[in-house]
Amino acid sequence: MSEFSQPQRQSAMGFVIYIGRNIRTIISLLLSFFAFGALQSIAFIFIGLLVILGVIVVLIFSYLQYEFFTFQIENDELIVNEGVVFRERKVIPFHRIQTVHLHQNLLQRITQLVGVKVDTAGSKGKELEIPALRRKKAEALRDLLREKSTQTITDEKIALEGQASTADDQNQEQQQLVKLHLGNLFVLGITENHLRSGFLAMAFVFGYFQQYADFVQKYIQPKVEAFLPEGSEVNIPLILGAIIVFLMGSILISMIRVILKFYGFEARLIENFIQIQSGLLRRNQYRIPSKKVQFIELHTNFIRRRLGFATAKIYQAQSASSDTNQSLEIPACYAHHQQAIKQHLYSGIIEAPTINVKADAIAYLRFGALMGLLPMPFLIWAAIDLSFYLYIPVAIFYLYVLYSSWRYGKTVTVSINEEMLIISRGWLFPSTIIIPMYKAQSLAISQNIFLKRRKLAHFIIHTASGRRSVRFLPEAIVYELINYQLAKVELYRGELM
Amino acid sequence: MIENLPVDISSLPQMETLEYQKHPKRIITFFLINRTIGALFLLIPVIILYFTNNPFIAAIGFGLWILYLILVIINIFKEYSRRGYALRQHDIVYRKGWIFFSSIVIPFGRIQHTELSEGPLNRMFKLTSLKIYTAGGSTSDLTIPGLEHEEAQRLRQFITEKSANA
């Protein structure tokens, strides 16, 4: 009998974890209280009372949450009872378990607790989390669940038995793939796409402060305006200054993001798994069974390409609800790492592509020209309103759109060999997608009447981890691609996920 | 042992030269009503603009809406002869669209489950929709919107058998 056969609570420190979570959910509410209070000049005593009340509610609620959460293993099912107001009983049969992974956020690390997340195939809301277990217990539970969930699938059993005969090789098969040191992290951070980080951060900040717009307008804006020069004339030094601040901020944000995400990153190739762990404040450990991997994508940018590395994104089949982390990243993959991943996932079936097809670059140029016109009315209207000189950046912007779409179009290539479909594209940000053809769920062609006249079409492949499409290929080629892949799908007799 | 012979591309079955099964003729009327109702929702922002003292922009919006509706209607008539499905030994092909043509193939081996459904409008026209689900998410699923009830059931039966054996 295992240690989990009785209904049991989590580690007593779990109370603290729940407090942390509840505070995080109400912090936004508290902030808006403060903003509202400051705006309406309501007595601070009143706000203080509210805060104290809030704290008491959080404490009681957290304790009840901890108290009511029990889990157990019974008859090949994982059972969790939880909920304070609405009591809920979640039952997950072992054979439905897809992945089990451990994670730790800052609070969990301080309290030395580990969260266990169980993900099932299919239906929404069918994953569950046990947020506060002692490390030993969490690992024992994970191992037990993994073991049980594979036992129930007979096909997998055969695969495991098949490997038992080569047990001697198994120990050597555990291979460290990528391990990142601080130096690597620095290189990664400095070569991030800073513009994207900057805009993401800006969007986040704007989104967040939108809630407190009134407060900002009343208190902060007058102070900021005092610093700004008079009049709304276009002020070149001011714009330059803003751009410099924006760039510096973006680089800083990229650095912080990379360090938070990839601190202590380690990827290992084990038997038929890929194991990844990383994170500074929130530590995650994932194990992806190789057969669940649907396809991989290698992303890089013009600087990283010079340095010779790319980020490998691994897409796996997952339940519908958790599409947020459908892909796992392995940053800083040099050529030999990429080779090792491919070898590990698609052992033996990766070869040099035999057929390469280029997309129509002129079609991309035409498309870019059309799309670039869309924001034009707005930009021109802004130029009329503000300053005649704004036409210059507008024109430069349009020329850039034209040039970049043409360069992009020239890079779009579809290659196939016996088993693989390889899509590579991107001018400044090249990426390569490698999909085993038999992983296709369905295939499609689409074209509009203008493309039909030019005998061009888009090719779309759907996998269990999302769709990928290639635009502006010759129509005949798309039909051939689909026919060829269908033949591959129908020949394949192995497992998909 | 899995056999894995090289495939000669020119000998592969071709999906572009298939005989497609058309929908019953009354699907045109069905689409006319269905799409017009859909388009009416687009009229809401125009109405709001009109009542918030932007009659000029509202007029432009209304003009664009009429244009859109005309295109939609032409598309329904034009695409009728193209819209249809074809069954083959290992997969089902469905194609549609005139302005935006598309054609999707789902191998029977990848079909998760199927569903017959009849909305209120469907029932008025005695049409049945067949939905085919794959593991590829909502974009990969296929809806064949208007079939005779008999036909839909036979088709579903055929697909279920095929996908169980694939």
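Before reading further, recall that the structure is shown in the block above.
Treat the numbers as computed from the prediction; the structure is a model and nothing was measured.

### So, the overall build of chain B
Part 1 of the reasoning: When its secondary structure is counted, chain B shows 4 helices and 7 strands.
Part 2 of the reasoning: Order of helices (α) and strands (β) in chain B, N terminus to C terminus: β-α-α-β-β-β-β-α-β-β-α.
Part 3 of the reasoning: Taken over C-alpha atoms, the radius of gyration comes to 20 Å for chain B, far larger than the 15 Å a tight globule of 166 residues would show.
Part 4 of the reasoning: A burial count over chain B gives 39% of its 166 residues as buried.
Part 5 of the reasoning: Taking as baseline every contact in chain B between residues at least 6 positions apart, the subset at least 24 positions apart corresponds to 53%.
Part 6 of the reasoning: Of the roughly 9800 Å² that chain B leaves accessible, carbon and sulfur atoms contribute 62%.
Part 7 of the reasoning: Within chain B, the 13 negative side-chain charges are centred at a point lying 8 Å from the centre of the 17 positive side-chain charges.

### Quick notes on the interface of chain A and chain B
Part 1 of the reasoning: Every contact between the two is made by 33 residues of chain A and, on the other side, 29 residues of chain B.
Part 2 of the reasoning: Summed over both sides, the interface between chain A and chain B buries roughly 2700 Å², with carbon and sulfur atoms accounting for 60% of that surface.
Part 3 of the reasoning: Of all residues in chain A, the largest losses of buried area upon contact with chain B belong to Gln441(A), Tyr479(A) and Asn483(A), amounting jointly to 20% of the total for that side.
Part 4 of the reasoning: Summed over the shared surface of chain A and chain B, the number is 0 salt bridges.

### Quick word on the pattern of salt bridges
Residues and elements named next belong to chain A.
Part 1 of the reasoning: The final tally for this structure, using the stated rule, is 16 salt bridges over all chains.
Part 2 of the reasoning: The closest approach of N and O atoms between Arg 142 and Asp 143, which form a salt bridge, is 3.3 Å.
Part 3 of the reasoning: Between Arg 257 and Glu 192 there is a salt bridge, with the nearest N and O atoms lying 2.9 Å from each other. Of this pair, Arg 257 sits in helix H10 (residues 236-262) while Glu 192 is found in the loop between helix H7 (182-190) and helix H8 (194-210), placing the two residues 65 residues apart along the sequence.
Part 4 of the reasoning: Note on Glu 192: relative accessible area 14%, which makes it buried.
Part 5 of the reasoning: Because the salt bridges share partners, they merge into one network encompassing Lys 179, Glu 266 and Arg 268.

### Structural notes on a nonpolar patch on the surface
All names here are of chain A.
Part 1 of the reasoning: Together, Leu 195, Phe 199, Met 202, Phe 206, Ile 236, Ile 239, Leu 240, Ile 243 and Leu 247 make up a nonpolar patch on the protein surface, roughly 860 Å² of accessible area in all.
Part 2 of the reasoning: Broken down by secondary-structure element, the contributors of at least two residues to the nonpolar patch are H8 and H10.
Part 3 of the reasoning: At 5 residues, H10 tops the list of elements feeding residues into the nonpolar patch.
Part 4 of the reasoning: Mapped onto the elements of the fold, Ile 239 is located in helix H10.

### Quick notes on the packing of aromatic side chains
All names here are of chain B.
Part 1 of the reasoning: According to the stated counting rule, one finds 19 aromatic pairs over all chains in the structure shown.
Part 2 of the reasoning: When the centroid spacing of 5.9 Å and the interplanar angle of 75 degrees are considered together, the rings of Phe 30 and Phe 125 count as edge-to-face. Of the two residues, Phe 30 is situated in helix H1 (residues 27-51) and Phe 125 in the loop between helix H3 (120-124) and strand E6 (128-134); the sequence distance between them amounts to 95 residues. Here the two residues Phe 30 and Phe 125 agree in accessibility, since each one is buried.

What counts and what doesn't
Residues numbered from 1 in each chain as written. Chains lettered and ligands numbered in written order. Predicted model: local features only at pLDDT ≥ 70, side-chain atom pairs only at ≥ 80, totals over all residues. Heavy atoms only, no water. Helix = DSSP H or I, 4+ residues; strand = E, 2+ residues; numbered from the N terminus. Rg over C-alpha atoms; globule rule 2.2 N^0.38 Å. Buried < 20%, exposed > 50% of the residue type's maximum accessible area, 1.4 Å probe, protein only. Contact = heavy atoms within 4.5 Å. Areas by Shrake-Rupley, 256 points an atom, 1.4 Å probe, with all protein chains shown as cover. Lys, Arg positive; Asp, Glu negative; His and termini not counted. Charge placed at Lys NZ, Arg CZ, Asp CG, Glu CD. Buried area = accessible area lost by both parts, 1.4 Å probe. Salt bridge = Lys/Arg side-chain N within 4 Å of Asp/Glu carboxyl O. Patch = residues over 30% accessible without salt bridge, like charges linked within 9 Å, V, L, I, M, F, W, Y side chains within 5 Å. Phe/Tyr/Trp six-rings, centres within 6.5 Å; stacked < 30°, edge-to-face > 60°.

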